[in-house]
Amino acid sequence: MLFNGQELMARNKNIMKNFLLTGMILCLGCITGFAQNKPVQISGIVKDETGVGIAGVSVMIPEIKLGSITNEDGKFSIGNIQLNNFAIEFSVTGYRKKSVWINQQDLGHEINIVLEKFIPEMTTIRIWGKNDPLGSVQRMADVSGTFLTAGKKNEIINISNADANIALKTGRQLFAKVPGAFVYDMDGSGNQVNIATRGLDPHRSWEFNIRHNGVITNSDMYGYPASHFNPPMESIDRVELIRGTAALQYGAQFGGMINYVTKKPDSTKSLSYENSTTTGSYGLFSTYNALSGKSGKWAYSGYFSKRIFKGYRKNASSEFDGQFISVAYQANEKLSIKAEIGHSKYITQLPGPLSDSMFLADSRYSTRSRNWYSPDIYIPSVAAEWKLGSNTMMQISVSGVFGSRNSVQFIGFADAKDTINALTNQYKNRQVDIDHFNSLSAEMRIRHNYSLGKIKSVLSAGMQYMHNDLHRRQQGKGTTGSDYNLSLVTPGWGRDLHFKTENLAIFAENIFYMNKSWTISPGLRLESGETNMIGEISYYDSAKLPISIKHQFPLFGISTQYHLKEDSRLYAGIGQAYRPVIFKDVIPASSFDVIDPNLKDAYGYNVEAGINGKWKHMFSYDVSYFHMRYNNRIGSMVLEDASGNSYNYKTNTGNSVTDGIEFFFEAVPLRGKDNFSLSVFTSTAWMNARYSKGSVIIGNKNVDITGNKLESAPSWISRNGLRIFYKNISSSLQYSYVTETFSDPLNTKIPPSNGSKGPVPAYGLWDIDASAHFLKYFEIKLGVNNLLDKQYFTKRPTFYPEPGIWPSDGRSFYMTVGIKI
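Quantities reported herein were computed from a predicted structural model and do not represent experimental measurements. (Residues numbered from 1 in each chain as written. Predicted model: local features only at pLDDT ≥ 70, side-chain atom pairs only at ≥ 80, totals over all residues. Heavy atoms only, no water.)

Trainee: Let's hear about the pairing of strand 4 (residues 66–69): which residues, and what values?
Mentor: Burial along strand 4 is one-sided: L66 and S68 are buried, while G67 and I69, pointing the other way, are not. Both strand 3 (residues 58–61) and strand 4 contribute to a ladder of 4 bridges, which runs antiparallel. When the sheet's bridge partners are listed, I61 is paired in strand 4 with L66. In sequence, strand 3 turns back onto strand 4 through a hairpin of 4 residues, with K65 there showing a positive phi of about 55°. (Buried < 20%, exposed > 50% of the residue type's maximum accessible area, 1.4 Å probe, protein only. Helix = DSSP H or I, 4+ residues; strand = E, 2+ residues; numbered from the N terminus. Pairing = 2+ DSSP bridges.)

Trainee: With reference to specific residues and values, describe a nonpolar patch on the surface.
Mentor: A cluster of nonpolar residues, Y625, I661, F663, F665, W686 and W716, forms a patch on the protein surface that exposes about 520 Å² of accessible area. If you tally residues by element for the nonpolar patch, the top one is strand 35 (residues 646–671), at 3 residues. Within the secondary structure, F665 is located in strand 35. Overall, F665 belongs to the partly exposed group, its relative accessible area being 30%. (Patch = residues over 30% accessible without salt bridge, like charges linked within 9 Å, V, L, I, M, F, W, Y side chains within 5 Å. Areas by Shrake-Rupley, 256 points an atom, 1.4 Å probe, with all protein chains shown as cover. Salt bridge = Lys/Arg side-chain N within 4 Å of Asp/Glu carboxyl O.)

Trainee: I'd like a rundown of empty space enclosed by the protein, residues and numbers included.
Mentor: Counting across every chain of the model gives 13 cavities of 30 Å³ or more. Here the largest cavity defines a volume of roughly 700 Å³. In terms of lining residues, the largest cavity is bounded by 49 residues, among which D185, M186, D187, G188 and S189 are the most central. Going through the elements one at a time, helix 4 (171–174), strand 23 (335–349) and strand 45 (812–820) are the ones with two or more residues in the lining of the largest cavity. Of the residues that constitute the lining of the largest cavity, the class distribution is 21 nonpolar, 20 polar and 8 charged. (1 Å grid on protein atoms, 1.4 Å probe; cavity = no way out; pocket = protein on both sides within 12 Å on 5 of 7 lines; lining within 4 Å. Points joined across faces, edges and corners; volume = space filled by probe spheres on them. Nonpolar A, V, L, I, M, F, W, Y, C, P; charged D, E, K, R; others polar.)

Trainee: Quick rundown of unusual backbone geometry? Include the residues and the values.
Mentor: Even without a glycine there, the phi angle at N675 is positive, about 60°. Relative to the assigned elements, N675 resides in the loop between strand 35 and strand 36 (677–693). The backbone of S712 sits at a positive phi, close to 55°, despite the residue not being glycine. For S712, the location among the structural elements is in the loop between strand 38 (701–704) and strand 39 (716–726).

Trainee: How would you explain the sheet that holds strand 9 (residues 137–138) if you had to name every residue and give the values?
Mentor: Whenever strands of a sheet pair, they do so through backbone hydrogen bonds, lying parallel or antiparallel. Taken together, the 6 strands give an open sheet; going across it, the order is 9-12-17-18-15-16, and neighbouring strands pair in mixed fashion. Each of the sheet's edge strands pairs with one partner strand only, and the pair in question is strand 9 and strand 16 (215–216). Across 5 bridges, strand 15 (residues 208–212) lies against strand 18 (residues 256–262) in parallel orientation. What sits directly across from N209, in strand 18, is M257.

Trainee: Quick rundown of the nonpolar core? Include the residues and the values.
Mentor: Formed by 39 residues in total, the largest nonpolar core has its most connected members in F499 and I587. Going through the elements one at a time, strand 24 (372–387), strand 28 (495–513), strand 29 (518–537), helix 7 (583–586), strand 34 (619–640) and strand 43 (763–774) are the ones with two or more residues in this core. At 3 residues, strand 24 tops the list of elements feeding residues into this core. Filtering out sequence-adjacent residues up to four positions away, F499 remains in contact with N468, D469, L470, R472, T531, N532, M533, F583 and I587. (Core = buried A, V, L, I, M, F, W, Y, C linked by side-chain atoms within 4.5 Å. Contact = heavy atoms within 4.5 Å.)

Trainee: So what about the packing of aromatic side chains? Which residues, and what values?
Mentor: Applying the stated criterion across every chain, the model contains 18 aromatic pairs. Their ring planes at 10° and their centres at 3.9 Å tell us that F254 and Y630 sit as a pair that is stacked. Taken as a pair, F254 in the loop between helix 5 (247–250) and strand 18 and Y630 in strand 34 lie far apart in primary sequence, 376 residues in all. Note on F254: relative accessible area 1%, which makes it buried. Among the residues examined, Y630 registers a relative accessible area of 3% and is labelled buried. Look at W615 and F619: their rings are 5.8 Å apart centre to centre, the planes differ by 25°, and that puts the pair in the stacked class. Taking relative accessible area as the criterion, W615 reaches 41% and is therefore assigned partly exposed. Under the relative-accessibility criterion, F619 is labelled partly exposed at 26%. Chaining the aromatic ring pairs together yields one cluster made of W615, F619, Y621 and F665. The residue whose ring lies beneath K177 is F681, and the NZ or CZ to ring-centre distance is 5.0 Å. (Phe/Tyr/Trp six-rings, centres within 6.5 Å; stacked < 30°, edge-to-face > 60°. Lys NZ or Arg CZ within 6 Å of the ring centre and 35° of its normal.)

Trainee: Outline the environment of R796, supporting the account with residue identities and numerical values.
Mentor: Its location among the elements puts R796 in the loop between strand 44 (778–785) and strand 45. Classification of R796 as buried rests on a relative accessible area of 3%. If we ignore the near neighbours within four places in the chain, the residues touching R796 are D356, S743, P751, G755, K757, G758, P759, V760, G804 and I805. Within polar-contact distance, the side chain of R796 engages the side chain of D356 at 2.6 Å. Here the side chain of R796 touches G755 through a polar contact of 2.9 Å, landing on its backbone oxygen. (Polar contact = N/O pair within 3.5 Å; in protein donor to acceptor, adjacent residues only side chain to side chain.)

Written as structure tokens, this is what we have:
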């Protein structure tokens, strides 16, 4: 059938223009409406004892809870100050905290602050990012650039401070101190991070708004929201994670936002070089090479990365390449411009699913030798930051996701054998699928500090425009060979479609400082857009498929926090979330998929409340309760037709509710001379994720699933560990435990012979790592993952890559050698 959505797109064009104009008026009104406030400003620079500016210093006026962060040169500026005399506190890990009293005569002049280092041999440690034992996880400031995080549960994960297998992105280690982080370990190649929280689906992290240096990397929010861009973790300085209440500022996603922030250029040199080379079990070889520097108003950074891995299982080899370039220009104190482009590509061989009997016999067994998968993604962006005055900042960014996601496979259940036909002496033809992503995003954000009477406030508002074109070609008849070959032996595709989306969002959030300790932050987000399908499906009745899907909905939320002391706070919030029916949901991905033609949009909300903080340098903690409602949940299940043949059925499986407790505690019970310390932590979450309403069809009967557990939602996730520092040496031991989960909403307990559904057993894993820094510039890391060689798996997928068991890696060793000069 042939579909034409051009008229539908044209009909919506005027609406989009009017919506855009309205948004601009709203944003400009936010600025001019408060222009009458003329509070004072203070600025300055923070340096170390050698006179070098210190980046990332927290600069805070405790009396009014207003602050800033120093830039790469150590400079800061705080506006909206309506005090004549006040104290400013300066703090950053590795330096003694300092408080400075400001008098009226200091206002309007730049102040110079010198911080004193307090950790012996800190020069060596600072080069490698080794911080205080409690510094591996931190919290975001209330205001960061144009983003507001007051009252929201969040974490900053310092990757450079981790004793972990960075090259292979071992998720249970990288996100160990994020309570409830559920990670799919489908392979040990390091090509993909699959993470979720609060009972959501970890597949390619697609329940999150994924960003890289603040730029969206989800391949297509409305066509296929997974993130296929995979920067090497060696390039990442920190990961910022905000839970579901971040949906108003970033997007409509239930999961919230994850932002991978790359290492900043070395501002002390015109040229610096970093190398990290890793070797390990199963043919692992990884090399990361980076250059960076600063000269005058220009700063730059770039890297090249390559990783080769033969794989734990047979027929599981992979090869990764990644590149990145960033150039920044500081025009003056008010205006900065940055251009970046990132590229990642990998080709991996898929060893195929296993049944339960196959897994028990040999977890390294392979059922496929001819299946390949390869995403090739570019992420270009240009961003500008402009300080319009002492109280107003504007950020504008334009970015894109361009590239492809390709596969050539023999598709079937685990018991479907891919063998040579005795008559033709050839294998069966493979299926070729090719997606081309063309996603454009433009975002304008404004932050404005102002006062309403005696109530000091910070407003963040903006617009986000998306124009996407996902070209999906699937079910091509491929070759009978075994190599990575996307050629077709017969021209034409079973599906040849364009999914074209235009979407505009207007958002605003405001922090009201009710007093010195209490803030309230209401917010809203308005979305309006439409996705249209143009193309051809050779086998489907057009009446069963929508050719246009509209996205028009408002989202509201509010959060609050109360500072008990300087380093502790109570926080709570509620935020609405929305997952529109996307074309990925309504188009069958393979011949084994059947789509419910009456899919409905998913919608719901997140509620959270908690307390977090630190006590001196002894311990830190974060304890929270959450409640998530997810209505019209979209899921898949494996069913059988009247002839006993299995197939995947995608439908609204019902409404779900998830309640949980997230608990993090880290303590340093021992400290001594020579930088000695011993720290212990636990990061544990309990979740009760269940269907509050729902039914599925089996044969000609409706089966009630109310009370059943959600798929891939463990009741308990607990990660616990200890770490020892001595001089320039550190070592870590970690134990991870995840309880049983189910692969389908029916909670099937006895798997069928093909292993396509059933329970995922509980598992516990030990990891041990150590690192040492020597001769000022060198580092070495050693580690053993899955120390006791546990045979386990984390998922029975019901769609990609094929239904069945996908074993995780057994015991593996790695060694990393690094240099930074």
